[in-house]
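# Descriptive structure summary
Chain residues, written in single-letter form:
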Amino acid sequence: MTPGKVLLVTLLAATACAQSPGSKEIDSVYSDAHTFYVELHEHPELSGHEVQTAAKLADRLRAAGYDVTEHVGGTGVVAILKNGTGPTIMLRTELDALPVEEKTGLPYASKVHSKDDSGRDVPVMHACGHDLHMASLLATAEIMARSKNTWHGTLMLIGQPAEETLGGADGMIRDGLFKRFAKPDVAVALHVGNEHPAGVVGIVPGIYDTNSDSVRITIYGKGGHGSAPHRGVDPIVIAARTILTLQTIVSREIKPGEMAVVTVGYIHAGTKNNIIPDQAELGLTIRTFKQDVRKQILAAIERISKAEAAAGNAPREPLIERYEWTDSVYNNPALADRLQAPLEAALGKSNVVIAEPITASEDFSYFVNQGVPGFYFSLGGADPMKYSEAKSAGTTLPSNHSPLFAPDVDPALHTGIAAEVAVLRNLLNASPEELHKLTTEQSPR
């Protein structure tokens, strides 16, 4: 390394350390953040119905000194803090929970039941860590508001509804998020999971996760008595053949080595054992990295569904609906490279890892697709001892969306706050021009 490069690295490291939050800063907000986390965990709300959750977050951000607007794109929250000239940096959290019955055994486990959009009574749980994301954002917001001497520009905090149904980000954008408010120079978000131990964060330059498509297939038959199947057309049998044939798409139509998932998550059909129903419904999720593979799979699903219906003598073609979708989240590589140093300074070099893309999906991509460079990183949530034991045994810990999912809150929340503050201070000590030049040097995707 040349002397000039050594000096540059030294200066960058010194700057990163100066921007790192001190333990006293985090300790000053941690108790309130943890209390907020427990309150949110005990009182989760489903996607699009986050009325009380949004109000609680909005009230706390307003008390911290932010200019808060509610009901953006439904229950969305936008909080703005201006601090002189400089870039506009957006930090986003999700608000919603899942229709999952909690089985963690935690003293603050959710016992909530609610009506879903179809009117069914369902249990509700923060099984994806959005409660921890909100608590981290609130603590970060308070630290940033108390330390305006450490940054300049505009901080834009987003409480986004309906991430789990892939409609919340799009809804906020359609409601004028980037027109009514500022269009940020960079958007930041994190997600907690058990892929890493608590205390560790993962950075994925480039494609972070997958394209996601939700497909509903309604297969039509001819109902009748279960004792006389020859007089009807059994949609359950057609559905069974369809499910098995759909599994050949990845194994026999997609080039080996390409990432692709086709999962049938539910089948709804029938009311009684001796009645042949007149229709059956399948629910699918499709995950891909590449757009051409995505198109190939969607076309194959339509072809196979129609062919199996025809083979079963169905009275009409199946109805095939693609009702939810989002693109993969893309992390600007230059931005990811820049933010590695402040994260290492805040957390320790060994606690920042370069990770692999994941097969989950989420709608943060809607913000990125509006031309906003994004940085989306992973927050470790696993108890370090349990993580080590599981790795040694070749097993895995409960994943997001599991009724047993429970982040190791104390290290995870502390790490999330430290990481967010370090990232925001780094970006809010740059100029808009510097960030624009950085993020446009490498062509996206």
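Residues numbered from 1 in each chain as written. Predicted model: local features only at pLDDT ≥ 70, side-chain atom pairs only at ≥ 80, totals over all residues. Heavy atoms only, no water.

## As for the pattern of salt bridges
All told, the structure shown has 21 salt bridges when counted by the stated rule. A salt bridge links D213 to R294; the shortest N-O distance between them is 2.8 Å. Of this pair, D213 sits in strand 10 (residues 211–220) while R294 sits in helix 9 (residues 291–311), and the two are 81 residues apart along the sequence. For the pair D213 and R294, one class covers both residues: buried. The shortest N-O distance in the salt bridge between K306 and E302 comes to 2.9 Å. Here K306 and its partner E302 are both found in helix 9, four residues apart, which amounts to about one turn of the helix. Classification of K306 as partly exposed rests on a relative accessible area of 28%. Judged by its relative accessible area of 35%, E302 falls in the partly exposed class. Several salt bridges share partner residues, and in doing so they unite R92, E94, E362 and D363 into one network. (Salt bridge = Lys/Arg side-chain N within 4 Å of Asp/Glu carboxyl O. Helix = DSSP H or I, 4+ residues; strand = E, 2+ residues; numbered from the N terminus. Buried < 20%, exposed > 50% of the residue type's maximum accessible area, 1.4 Å probe, protein only.)

## A look at the nonpolar core
In globular proteins that are soluble, nonpolar side chains generally tend to be buried together. In terms of nonpolar packing, the biggest core is built from 66 residues, with L61, Y66, L157, V188, F375, I417 and L427 touching the most fellow members. Sequence-distant contacts of F375, defined by excluding residues within four places in its chain, comprise A187, V188, A189, I203, N331, L335, A336, L339, L343 and V423. If you look at the next biggest cluster of nonpolar residues, it comprises 24 residues, including F181, A189, A355 and Y376. (Core = buried A, V, L, I, M, F, W, Y, C linked by side-chain atoms within 4.5 Å. Contact = heavy atoms within 4.5 Å.)

## Some thoughts on the packing of aromatic side chains
Any two aromatic rings considered together are summarised by their centre-to-centre distance and by the angle between their planes. Taken as a whole, this structure holds six aromatic pairs when the rule is applied. Geometrically, the ring pair formed by F364 and Y376 is tilted, given 5.3 Å between the ring centres and 55° between the ring planes. One end of the pair, F364, is in the loop between strand 17 (352–354) and helix 11 (365–368); the other, Y376, is in strand 18 (residues 374–382), with twelve residues separating them in the sequence. An aromatic cluster of three or more residues is present, and its members are F178, Y208, F364, F367 and Y376. Its end group placed over the ring of Y323, R216 keeps NZ or CZ at 4.2 Å from the ring centre. Stacked on the ring of Y220, the Lys or Arg R316 has its end atom at 3.9 Å from the ring centre. (Phe/Tyr/Trp six-rings, centres within 6.5 Å; stacked < 30°, edge-to-face > 60°. Lys NZ or Arg CZ within 6 Å of the ring centre and 35° of its normal.)

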